[in-house]
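Secondary and tertiary structure notes
Each chain is listed here by its residues.
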Amino acid sequence: MLNTIIEASKNFCIHQIRLPYELHDNVTQMRTVIAYIDIEDINGTKHRVYIGATPSFAQRISTLLLEEDESDEETLIDMTLETANLIIGSAKVLASQNTSESYNMSTPHFEKIDIFDFKYDRVKVLKIEDDEMIIAIKEL
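First, a word on what this report is: a plain description of the structure on this page. (Residues numbered from 1 in each chain as written. Predicted model: local features only at pLDDT ≥ 70, side-chain atom pairs only at ≥ 80, totals over all residues. Heavy atoms only, no water.)

**Comments concerning empty space enclosed by the protein**
Threshold: For cavity detection a 1 Å grid was placed over the protein atoms alone, and a set of points counts as a cavity when a 1.4 Å probe fits there but cannot get out; an open set counts as a pocket when protein lies on both sides within 12 Å along at least five of seven lines, with lining residues being those that have an atom within 4 Å of a point. Grid points are joined across faces, edges and corners, and a volume is the space filled by probe spheres set on the points. Note on residue classes: Ala, Val, Leu, Ile, Met, Phe, Trp, Tyr, Cys and Pro are nonpolar, Asp, Glu, Lys and Arg are charged, and everything else, Gly too, is polar.
Overall, the coordinates contain one cavity of 30 Å³ or more when judged by the stated rule. Space inside the largest cavity adds up to approximately 30 Å³. If you go around the largest cavity, the residues you meet are Thr28, Met30, Thr32, Gly52, Thr54, Glu132 and Ile134. By residue class, the composition of the lining of the largest cavity is two nonpolar, four polar and one charged.

Right, here's the structure in full:
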């Protein structure tokens, strides 16, 4: 499941942000805007998918989607929620092509702005220049 979400995240970077990215496993202890979406697969297994964006990554998205060069904290939260929705929704479409990976998703929820200190089963970090986005999944 995380692989499909990572694929959707890569597509987001390629088609929306349009800049090269790096992918790694090292979650840094940076201030992060954190949102999550709960998903349930066809077997009834529930997972929580966390999307944590550094404020500069969220600002990058705000500039892209809203054409704002300096967004307030509330807008950065909204951009992280929207990014979570776009990526997990795109992954849902990709997963539906393989019936065994299909899932239903809830609406995104804001968690906090702080270091990413959640327990997770798997994680990847997308990095564009000095901006990072954490994608983590935890079975509930």
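Anyway, onward from the coordinates.
**Remarks on the nonpolar core**
In a soluble, globular protein the nonpolar side chains are often hidden away together inside. The following threshold applies: Residue types Ala, Val, Leu, Ile, Met, Phe, Trp, Tyr and Cys, when buried and joined through side-chain atoms within 4.5 Å, form a set referred to as a nonpolar core. Working definition: with a 1.4 Å probe on protein chains only, accessible area under 20% of the residue-type maximum means buried, over 50% means exposed, and in between means partly exposed. Strands here are runs of E lasting at least two residues and helices are runs of H or I lasting at least four, both read from the DSSP assignment and numbered beginning at the N terminus. By the convention used here, residues are in contact when the closest approach between their heavy atoms is within 4.5 Å.
Core analysis: the biggest nonpolar cluster contains 28 residues, and Ile5, Val49, Phe57, Ile87, Ile88, Met133 and Ile135 have the highest contact counts within it. Of all the secondary structure elements, the ones that give two or more residues to this core are helix H1 (2–17), strand E2 (32–41), strand E3 (46–53), helix H2 (55–66), helix H3 (73–96), strand E6 (122–128) and strand E7 (131–139). Beyond its immediate sequence surroundings of up to four residues, Ile135 is in contact with Leu2, Ile5, Ile6, Ser9, Tyr50, Ile51, Arg122, Val123, Lys124 and Leu126. Counting residues in each nonpolar core, the second largest holds nine residues, with Ile34, Tyr50, Val123 and Ala136 among its members.

**Digging into the packing of H2 against H3**
Inclusion rule: The angle between two axes is taken between their N-to-C directions and runs from 0 to 180 degrees, where each axis is a line fitted to C-alpha atoms and a helix contributes only its stretch in contact. Convention used here: angles under 35 degrees read as roughly parallel, angles over 145 as roughly antiparallel, angles from 65 to 115 as roughly perpendicular, and any remaining angle as oblique.
The N-to-C vectors of H2 and H3 enclose an angle of 80 degrees; their axes lie 9 Å apart at closest approach. Here H3 runs roughly perpendicular to H2, going by the angle between their axes. Two secondary-structure elements touch here, H2 through Pro55, Ala58, Gln59, Ile61, Ser62, Leu65 and Leu66 and H3 through Thr75, Leu76, Met79, Thr80, Glu82 and Thr83. Residue classes in the contact of H2 with H3 are distributed as seven nonpolar, five polar and one charged.

**A few points about H3**
Quick reminder of the rule: For a helix, the expected span equals 1.5 Å multiplied by the number of residues minus one.
Helix length check: H3, at 24 residues, gives a terminal C-alpha distance of 34 Å against a target of 34 Å (1.5 Å per residue), a fit within 8%. Taken residue by residue, H3 has Thr75, Leu76, Ile77, Met79, Thr80, Leu81, Thr83, Ala84, Ile87, Ile88, Ala91 and Ala95 as its buried positions.

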